[in-house]
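These are the residues of each chain, in order.
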Amino acid sequence: MSYPGYPPAGGSYPPASGPYQQPMGGYPPQPGAYPPQGGCYPPQAGAYPPGAGYPPQAGGYPPQAGGYPPQAGGYPAAPGGGFPPQAGGYPAAQPGTYPNMPPAGGGWGGQPGFGAPAGGMPQGYPGVPAPGQQPMPAYPGVPNPSMPGYGGGVPTGPSPQVNPAINRGYRGTIKDAPGADPLRDVEVLRKAMKGFGTDENAIIELLGNRSSKQRVPLLAAYKTTYGKDLFSDLKSELTGNFESLVLAMLNAPSRFDASELKEAIAGAGTDEACLIEILSSRSNAEIQEITRIYKAEYGKSLEDAIISDTSGHFRRLLVSLSQGNRDERETVDVSVAKQDAQKLYAAGANKVGTDESQFNAILCARSKPHLRQVFQEYQQMCGKEIEKSICSEMSGNLESGMVAVVKCIKNTPAYFAERLNKAMQGAGTKDRTLIRIMVSRSEVDMLDIRQEYLRLYGKSLYTTISGDTSGDYKKLLLKLCGGSD
């Protein structure tokens, strides 16, 4: 039995005539088989790899006197002619066969040779050349053309363009404090509030140098240590915007977002910009956690709250965003992005009236990398940015909501820089917006927001906060800002 090209016998590779012989007497076989006993490793002529043939040199591979490693008795040395020593070998082999080989007549592809029922298999797998094909030297580390795609290869056919997210490292300004201990931290807070007056600087230094995951456990640690509620004690000691900022920093991010959404919906008038800001900038997982907390805390689903407080296509936009079901893949198929750009053009600028549902479907469901490509394709197609098309096609809350979604997706740090500037611009400061953005972005992208603020407005965010706020409130905000640019 033999199969062209596998395995060699009779001193050469590709094979000469005759089968690959396996003598009786155990495994490893005796001299002249594989692995060899007497002589050396690799074997001498007549074994595998053969001396003559592949590689074409006398004395085996690598060629050296005495074998490798040089020892008497071969490698591995085995007493009694085999390992384990048993009659018939391991596994039992018949004369003229390879272990586990079927009777003559079987073999891959219905040919005589290495045992498998007749019936065929793809030629060249694994590493076996087709009949008549000469194998390429493939040892060590050289790919063998007879096994395409095995062990990894390049997929065939067109593949989507991939725009991987650029890892620029940590872009927040607040970091974990090494060695922070909640029990020691609550001692500092308790001491700052105990007695006559409050040591606001101690509170600022502590909270301004702890990450959110180090601040939130302080609530439980305080109650465990002193049997009192930290929120209640802070409210009794602090006032105004400084109090609001401190309490915001002690809330878990998703719980803080849920409370902000509640206030935006249930407060005096609806803060549509707050709803859009949170729902368009958070990840699916974050939105799902926010909706869970909202239902648990307020006894009503976020979706029901939105539906009861908004209307029309703006309501549909918010409901879609609140599902937390946006595609989050990083791959971008440019051809699909072109199709979506054409759909947006056909739904707005290229028709009488506007198909708001088409805008809603694309802006709320597609991934953010995909939508950035869509916006580029739209501008090339129409000669103007999609925001301008939205402004000319829509009005009111829907217009401002759609534009905010586009801006947040296109450049999130620039969107927040604009929101911060509006919060501190003109008569009075929108402190709720200022606090929410500074707290929620301080561990996400505050460094990028600072860069965009400087680019857009020609002065640093640090300088603007310093000029627009005062006192302890200003000091803690500047801690979150992290420095001047």
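Just above, that's the structure.
Overview of the structure. These figures come from a predicted structure and were not determined experimentally.

1. Here's the deal with the overall build of the chain
No. 1: The number of helices and strands found in the chain is 21 helices and 2 strands.
No. 2: Within the chain, buried positions represent 40% of all 485 residues.
No. 3: Within the chain, contacts between residues at least 6 apart in sequence are counted, and of these 65% link residues at least 24 apart.

2. Quick notes on the packing of aromatic side chains
No. 1: Scanning the model with the defined rule gives 4 aromatic pairs in all.
No. 2: Pairing Tyr-222 with Tyr-226 gives two aromatic rings, centres 5.2 Å apart and planes at 55°, and the pair type is tilted. Taken together, the residues Tyr-222 and Tyr-226, both in helix α4 (residues 218-226) and 4 residues apart, mark about one turn of the helix.
No. 3: For Tyr-226, a relative accessible area of 28% puts it in the partly exposed group.
No. 4: Ring geometry for Tyr-415 versus Phe-416: centroids 5.2 Å apart, planes at 70°, classification edge-to-face.
No. 5: Owing to a relative accessible area of 6%, Tyr-415 belongs among the buried residues under this scheme.
No. 6: In this arrangement the basic side chain of Arg-190 is found over the ring face of Tyr-226, its NZ or CZ atom lying 5.6 Å from the centre.

3. Digging into the side chain of Ser-367
No. 1: Within the element layout of this structure, Ser-367 appears in the loop between α13 (356-365) and α14 (368-382).
No. 2: Residue classification places Ser-367 among the buried residues on the basis of a relative accessible area of 1%.
No. 3: Among the polar contacts listed, one links the side chain of Ser-367 to the backbone oxygen of Arg-329, at a separation of 3.5 Å.
No. 4: A distance of 3.2 Å separates the side chain of Ser-367 from the backbone nitrogen of His-370, its partner in a polar contact.
No. 5: Residues within four places of Ser-367 in sequence aside, it is in contact with Arg-326, Asp-327, Glu-328 and Arg-329.

4. Some remarks on helix α6 (residues 240-250)
No. 1: Of all 11 residues in α6, 8 are buried, a share of seventy percent or more.
No. 2: Within α6, the full set of buried residues consists of Phe-242, Glu-243, Leu-245, Val-246, Leu-247, Ala-248, Met-249 and Leu-250.

5. Comments concerning the packing of helix α20 (residues 461-468) against helix α21 (residues 471-481)
No. 1: Orientation of α20 relative to α21, taken along the N-to-C sense of each, is 170°, at an axis distance of 10 Å. Classified by the interaxial angle, the pair formed by α20 and α21 is roughly antiparallel. Two secondary-structure elements touch here, α20 through Leu-461, Tyr-462, Ile-465 and Ser-466 and α21 through Lys-474, Leu-477, Leu-478 and Cys-481.
No. 2: Class assignment for the residues of the contact of α20 with α21 results in 6 nonpolar, 1 polar and 1 charged.

What counts and how
Residues numbered from 1 in each chain as written. Predicted model: local features only at pLDDT ≥ 70, side-chain atom pairs only at ≥ 80, totals over all residues. Heavy atoms only, no water. Helix = DSSP H or I, 4+ residues; strand = E, 2+ residues; numbered from the N terminus. Buried < 20%, exposed > 50% of the residue type's maximum accessible area, 1.4 Å probe, protein only. Contact = heavy atoms within 4.5 Å. Phe/Tyr/Trp six-rings, centres within 6.5 Å; stacked < 30°, edge-to-face > 60°. Lys NZ or Arg CZ within 6 Å of the ring centre and 35° of its normal. Polar contact = N/O pair within 3.5 Å; in protein donor to acceptor, adjacent residues only side chain to side chain. Axes fitted to C-alpha atoms, helices over the stretch in contact; angles between N-to-C directions. Parallel < 35°, antiparallel > 145°, perpendicular 65-115°, else oblique. Nonpolar A, V, L, I, M, F, W, Y, C, P; charged D, E, K, R; others polar.

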